[in-house]
Amino acid sequence: MLLAHDLMAVNTPRETLLRELRLPPHRLNVFLGAVRKQSAARLRQGLVRLQFVDDALKRGYASPRLLLELFLCELLAAETAVSPR
């Protein structure tokens, strides 16, 4: 998503987006719609958090299930705080 965000910022042509993102053509519009809803800063923050979870998994700091559940809860809580429904 971060790559797509960066490519869209410089008005990359559709064909290039398809090639770089390795998406089938029928999926591109839905994916780009989801990308547009996120800021680059939020995507980077999520990536950093995911790297932390990956490191914690590899080092055995907690059970994989617990770490992934906490990560998902953080993502959902952040989404709810950003876009109230």
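Data block above holds the structure.
Residues numbered from 1 in each chain as written. Predicted model: local features only at pLDDT ≥ 70, side-chain atom pairs only at ≥ 80, totals over all residues. Heavy atoms only, no water.

**Q** What's the story with the packing of helix α1 (residues 2–9) against helix α4 (residues 40–59) in this structure? I'm lost.
**A** Between two packed helices, both the angle of their axes relative to each other and the distance between the axes serve to describe the pair. The contact between α1 and α4 brings their axes to 10 Å, and the two run at 155°. Regarding the angle of α1 to α4, the classification is roughly antiparallel. As α1 runs across α4, the sense of the crossing is left-handed. Of α4, the residues touching α1 (which contributes Leu2, His5 and Asp6) are Ala40, Leu43, Arg44 and Leu47. Considering only residue class, the contact of α1 with α4 consists of 4 nonpolar, 1 polar and 2 charged. (Axes fitted to C-alpha atoms, helices over the stretch in contact; angles between N-to-C directions. Helix = DSSP H or I, 4+ residues; strand = E, 2+ residues; numbered from the N terminus. Parallel < 35°, antiparallel > 145°, perpendicular 65-115°, else oblique. Left-handed = near helix turned anticlockwise from the far one by under 90°. Contact = heavy atoms within 4.5 Å. Nonpolar A, V, L, I, M, F, W, Y, C, P; charged D, E, K, R; others polar.)

**Q** In this structure, what is going on with the side chain of Thr12? I would like to understand it.
**A** On the secondary structure map, Thr12 appears in the loop between α1 and α2 (14–21). Residue Thr12 is classed as buried on the basis of its relative accessible area, which comes to 16%. Within the structure, Thr12 has its side chain in polar contact with the backbone oxygen of Leu7 (distance 2.6 Å). Apart from the residues lying within four places of it in its own chain, the contact partners of Thr12 are Leu7 and Leu17. (Buried < 20%, exposed > 50% of the residue type's maximum accessible area, 1.4 Å probe, protein only. Polar contact = N/O pair within 3.5 Å; in protein donor to acceptor, adjacent residues only side chain to side chain.)

**Q** Which parts of the structure should I look at to understand the nonpolar core?
**A** Across soluble globular proteins, nonpolar side chains show a tendency to be buried alongside one another. Judged by nonpolar contacts, Ala4, Leu7, Leu17, Leu18, Leu21, Leu28, Leu32 and Val35 together constitute the single largest core of 8 residues. At the level of secondary structure, the elements contributing two or more residues to this core comprise α1, α2 and α3 (25–36). Excluding anything up to four places from it in sequence, Leu21 contacts Leu3, Ala4, Leu7, Leu28, Phe31 and Leu32. (Core = buried A, V, L, I, M, F, W, Y, C linked by side-chain atoms within 4.5 Å.)

**Q** Would you mind showing me how to read the pattern of salt bridges here?
**A** Close approach of charged atoms allows side chains of opposite charge to pair. All chains considered together, the criterion is met by 5 salt bridges. Between Arg44 and Asp6 there is a salt bridge whose closest N-O contact spans 3.7 Å. With Arg44 in helix α4 and Asp6 in helix α1, this residue pair connects regions lying 38 residues apart in the sequence. Its relative accessible area of 40% is what places Arg44 among the partly exposed residues. Note that Asp55 and Arg59 form a salt bridge whose closest N and O atoms lie 2.8 Å from each other. Linking Asp55 with Arg59, this pair stays in helix α4, spanning 4 residues, or about one helical turn. Residue classification places Arg59 among the exposed residues on the basis of a relative accessible area of 55%. (Salt bridge = Lys/Arg side-chain N within 4 Å of Asp/Glu carboxyl O.)

**Q** For this particular structure, what's the right way to read the side chain of Gln38?
**A** Considering the arrangement of structural elements, one finds Gln38 in the loop between α3 and α4. Judged by relative accessible area, which is 19%, Gln38 ranks as buried. Side-chain polar atoms of Gln38 contact the side chain of Arg42, separated by 2.5 Å.

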